[in-house]
Structures are given as structure tokens and as C-alpha cells.
Amino acid sequence: MRLAGYGGVSRVLDRECIMTSTISRPAPQLGDDQIVRAICGLRPCRHGGLRLETEQLGEKRVVHHYGHGGCGVTIAFGTTSLIVPMVESECDAKEPVGVLGGGVVGLVTALSLARRGHPVTIYADKVGTETTSVIAGAIWLPVGIEFGTSPTELQRRDEILHRSFETLKSLDPRRYGIESLDVYEPKGTQTEEGLFSPGLIEEPELIDSFPFPCVTAAERRFRTLYIHTPRFLRTLIEDLRSLGVRFVTARFGSHTELQSLDESVIVNCTALGSRTLFGDDAIYPARGVLVHMKPQDLGYCVHDGYKYMFPREDALILGGCFQPDRDDDRPDDEMIREILGHHRRFFGSACGVG
Ligand SMILES: Cc1cc2nc3c(=O)[nH]c(=O)nc-3n(C[C@H](O)[C@H](O)[C@H](O)COP(=O)(O)OP(=O)(O)OC[C@H]3O[C@@H](n4cnc5c(N)ncnc54)[C@H](O)[C@@H]3O)c2cc1C
């Protein structure tokens, strides 16, 4: 069996050696005294996948940019790279553009347009760390979204993923809160199609034990980017302010209210808001509950479908669930118990419980 990546070493090891070399990381502490809060967020999913297209509404050209589902942090830079040429085909160079929405998609869109010299105004009722985007862990994985299966759709998916991955890797990791982390999966983890096929993150390797004390059987390990979303979103806002982007707090009840805006081209990044604002019935929420524990510097993630553990700098995040068409955004006691129970059973007594 190949055991790659620890301290830059990649070699063939026998079982005894794997066991010795792998017990090198701590188990998390998951006692009640570590619980900080539970939160709930709604992923902006869409039947048929992303909406990236332009529509004429009254006097305005509206470029739709939404439907990022469970991976908006993963793909925002990639989808933005497709949106920018669409915007620029609707307006003159350096013409002002309005961006509707201040989650990760709106912020990244505004940043790309401002860097190309467009005066940009962001209109949103909430921005950055007040939006769903801060709820994301966020691990770099293209999950919880339909990309389609035709050759053209797969080509577009790969373009989005490549551009996003390359941009995130090019950012100052400290400033933006981005790092590369090992992700461990137990036996039987359900995985979505296409996670590794674009070749951006290495194919997982099979392992027969975890590098931390644990009572669950191990299956595989891979390495991907991890984005500390609070820091990431705050830094994007800092960048936007330094480029002179204006932030206007506004809540729109219908798209006819957009007619009073100064800009003739508007990029719609309102995610779930597009259901009422633009009458898009294809968009739907997929509910996720997370438990935040006190921060613990573990240096690895555990991933078991939507039951995951991420060591974000402000909290150890325990997930979770993916409940389509549930739009109650309050964490419920039953799900909190299920999440805590799952992770405590996973680690056994090593996590300080039982
Ligand atoms: C529990 C959970 C875990 C997740 N984990 C990950 C992960 O590990 N990795 C990953 O990549 N992604 C993850 N995601 C998905 C990610 O959070 C979303 O895909 C992303 O936040 C979508 O960003 P957005 O900017 O499109 O939407 P939002 O962040 O929802 O922003 C929408 C914006 O539009 C504004 N708006 C909406 N309607 C109106 C209106 N009528 N008037 C004015 N403003 C309006 C809002 O105020 C907000 O500013 C997770 C999501 C959840 C819920």
C-alpha cells in the first residue's frame, strides 16, 4: 500500500510501519463543555444547475449568476470567470456595473469587475459574514450541485473548477485564510460522481488506519484546499473597499425595483433570493445544520458525506446534513443530537466522551 504525503515522504510501507507512523495527530475533544453553538444554513441549489445567462428586464440587462448549491466557495472564482465576459459584452469598458448580493458569489464578481476598471456598487440586504456564505466550512469540493452530464456540460464544469482552484491557490494563504489539508474518510463514505475527475486534487489513496486515535475503520485519504470563510470574506471586502467599490444596503421585493438603480447592467448574485425576486422556481434550499465546538488546531478534516469535521480557525465545525426543500433555518435539537452522536461514536473514548 502506498502512503503518500506525510512530511513529503512517499514510499511503500508495511502495515506495522503504517500504524506506527500514522498515530501522529490528536483526536478532537467533543465533550459538552466544548460546544459553542449550533447553526443552520440553506444551500442555494437549483434544478438544472447554475444559472449563468443574461435577461432583459425593462431597461436593465440582468446577468444571472447563481445556483452554487453546496459548493459556492469552491467554485465562485470559476463561475465569475465565465460571467465577466458576459457582463462586458453588455457594456462599455469601465462602465459602472451593479452587483446584487453580497455573499461569496457577489463579492468575487464585484472584485473581478472592479479589478477590470468598472466602478462597482454592491446592493444587498446582508454582506459577507452576515450571509449564508460564512456558514460554509469550507472545504474545496464540488458537491451539492448539478453540473450536467453532457460533454459540453462536463467541459464547462472542468473549466469552472480549474479556474477556481488556480485562483484560490494563487491568493496569499494567510491573508485569505486558505490552506491545504488532509481529508480522511471512513469505510463506506458515500461520494458524489466527478469529485476527482478534473485532476485538480489527487486521487484518494487507500489507507488502513487513521493518523489519530479513533474506533472507526479507515478507507481513504486525499488532500484539498480548505478556506476559512470568515477571514476569506472579510479579506474580500477589504479588497473591494480598497478598490473603491460602494456597498449599499438594500432589500428588493421584486425585480421592478431594479429599474431605479443607476447602472444599466446588473449582475444578479442573490442565490435563493432569485426565487421571489426573479420568479425562478428551479431554485430550492438544501438545509444544513452544523455544531460549532471550541476551536481545535487538529490540522486535518474528516469527511463522511455530509457528516464532516472541519478545523476552522474560529470553531471546530461538526456537520451536518443535506435536506432538500427544507427552508426552516433554525437548528433543531434532534439533528444536533444526531451530529454529536455520530462524531462521538466515530472517535470513541479518545474524544473525551463516554
Ligand atoms: C451548512 C453548509 C455548509 C456548506 N459547506 C460548504 C463547503 O464546505 N464548501 C463550499 O464550497 N460551499 C459550502 N456551502 C455552500 C456555500 O455556502 C454556498 O454555495 C454559497 O454561500 C452561495 O453563495 P452566494 O453568494 O450565491 O449566496 P449567499 O451567501 O446566500 O448570498 C446571497 C446574497 O444575496 C442577498 N439577497 C438575497 N435576496 C435579496 C433581496 N431580495 N434583496 C437584496 N439582497 C438579497 C443576500 O443578502 C446575500 O448578500 C455550504 C453551505 C451550507 C449551508
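This text goes with the structure placed above it.
This is a predicted model, so every value here is computed, not measured.

Points about the overall build of the protein
Broken down by element type, the protein carries eight helices and 17 strands. For a compact globule of 354 residues, the expected C-alpha radius of gyration is about 20 Å, and the protein comes in at 21 Å, within 12% of that figure. Buried positions account for 56% of the 354 residues belonging to the protein. For the protein, contacts bridging at least 24 residues in sequence account for 76% of all contacts bridging at least 6. Only carbon and sulfur atoms are counted for the fraction: they give 49% of the accessible area of the protein, which is about 15400 Å². If the 39 positive side-chain charges of the protein are averaged to one point and the 48 negative ones to another, these points end up 3 Å apart.

Considering the site of the ligand
By nearness alone, 39 residues border the ligand, and Gly 69, Gly 102, Asp 125, Lys 126 and Ser 133 come closest of all. Within the backbone of Gly 102, one N or O atom sits 2.8 Å away from an oxygen atom of the ligand. One of the side-chain N or O atoms of Thr 132 is found 3.4 Å from an oxygen atom in the ligand. Within the complex, the protein chains bury 95% of what would otherwise be the 1000 Å² of accessible surface of the ligand. Among the elements of the structure, β3 (35-46), α2 (72-88), β6 (97-102), α3 (104-115), β7 (120-127), β13 (283-293) and β15 (307-312) are those that each provide at least two residues to the shell around the ligand. Of all the elements, β3 adds the most residues to the shell around the ligand, at four residues. Per-class residue counts for the shell around the ligand are 19 nonpolar, 16 polar and four charged.

Brief notes about the packing of α2 against helix α4 (residues 151-170)
One way to put it is that α2 packs onto α4 with a least axis distance of 7 Å and a crossing angle of 110°. The orientation of α2 relative to α4 falls into the category roughly perpendicular. Between α2 and α4 lies a crossing whose hand is right-handed. Along the contact surface, α2 presents Val 73, Thr 74, Ile 75, Ala 76, Phe 77, Gly 78, Thr 79, Ser 81 and Leu 82, while α4 presents Arg 156, Glu 159, Ile 160, Leu 161, Arg 163, Ser 164, Thr 167 and Leu 168. Partitioning the contact of α2 with α4 into residue classes produces eight nonpolar, six polar and three charged.

A closer look at the pairing of strand β5 (residues 60-66)
With respect to burial, β5 is a largely interior element, six of its seven residues being buried. Direction of pairing for strand β4 (residues 51-57) relative to β5: antiparallel, over a ladder of seven bridges. If you follow Glu 53 over to β5, its bridge partner there is His 64. Linkage of β4 to β5, two consecutive antiparallel strands, is achieved through a turn of two residues, within which Gly 58 is found at a positive phi near 60°.

With respect to the nonpolar core
Among the nonpolar cores identified, the biggest contains 68 residues, and Val 87, Trp 140, Leu 168, Phe 232 and Leu 236 are the most heavily contacted of them. Those residues in contact with Leu 168 that lie beyond four places of it in its chain are Val 73, Thr 74, Phe 77, Trp 140, Ile 178, Leu 225, Ile 227 and Phe 232. Cys 40, Phe 210, Phe 212 and Phe 346 belong to the second-largest nonpolar core, a separate cluster that totals 25 residues.

A look at the sheet that holds strand β12 (residues 265-268)
Spatially, β4-β5-β12-β6-β7-β11 is the arrangement adopted by the six strands of the open sheet, whose pairing is mixed. Edge strands, defined here as strands with exactly one partner in the open sheet, are β4 and β11 (246-249). Ignoring strand direction, the axes of neighbouring strands in this sheet form an average angle of 25°. Here four bridges tie β7 to β11, and the two strands are oriented parallel to one another. The residue bridging Ile 122 from the neighbouring strand is Phe 247, located in β11. The strands touched by α2 within the sheet are β4, β5, β6 and β12, with β5 carrying the most contacts at an inclination of about 170°.

What counts, and where the lines are drawn
Residues numbered from 1 in each chain as written. Predicted model: local features only at pLDDT ≥ 70, side-chain atom pairs only at ≥ 80, totals over all residues. Heavy atoms only, no water. Helix = DSSP H or I, 4+ residues; strand = E, 2+ residues; numbered from the N terminus. Rg over C-alpha atoms; globule rule 2.2 N^0.38 Å. Buried < 20%, exposed > 50% of the residue type's maximum accessible area, 1.4 Å probe, protein only. Contact = heavy atoms within 4.5 Å. Areas by Shrake-Rupley, 256 points an atom, 1.4 Å probe, with all protein chains shown as cover. Lys, Arg positive; Asp, Glu negative; His and termini not counted. Charge placed at Lys NZ, Arg CZ, Asp CG, Glu CD. Near = heavy atom within 4 Å. Polar contact = N/O pair within 3.5 Å; in protein donor to acceptor, adjacent residues only side chain to side chain. Nonpolar A, V, L, I, M, F, W, Y, C, P; charged D, E, K, R; others polar. Axes fitted to C-alpha atoms, helices over the stretch in contact; angles between N-to-C directions. Parallel < 35°, antiparallel > 145°, perpendicular 65-115°, else oblique. Left-handed = near helix turned anticlockwise from the far one by under 90°. Pairing = 2+ DSSP bridges. Core = buried A, V, L, I, M, F, W, Y, C linked by side-chain atoms within 4.5 Å.

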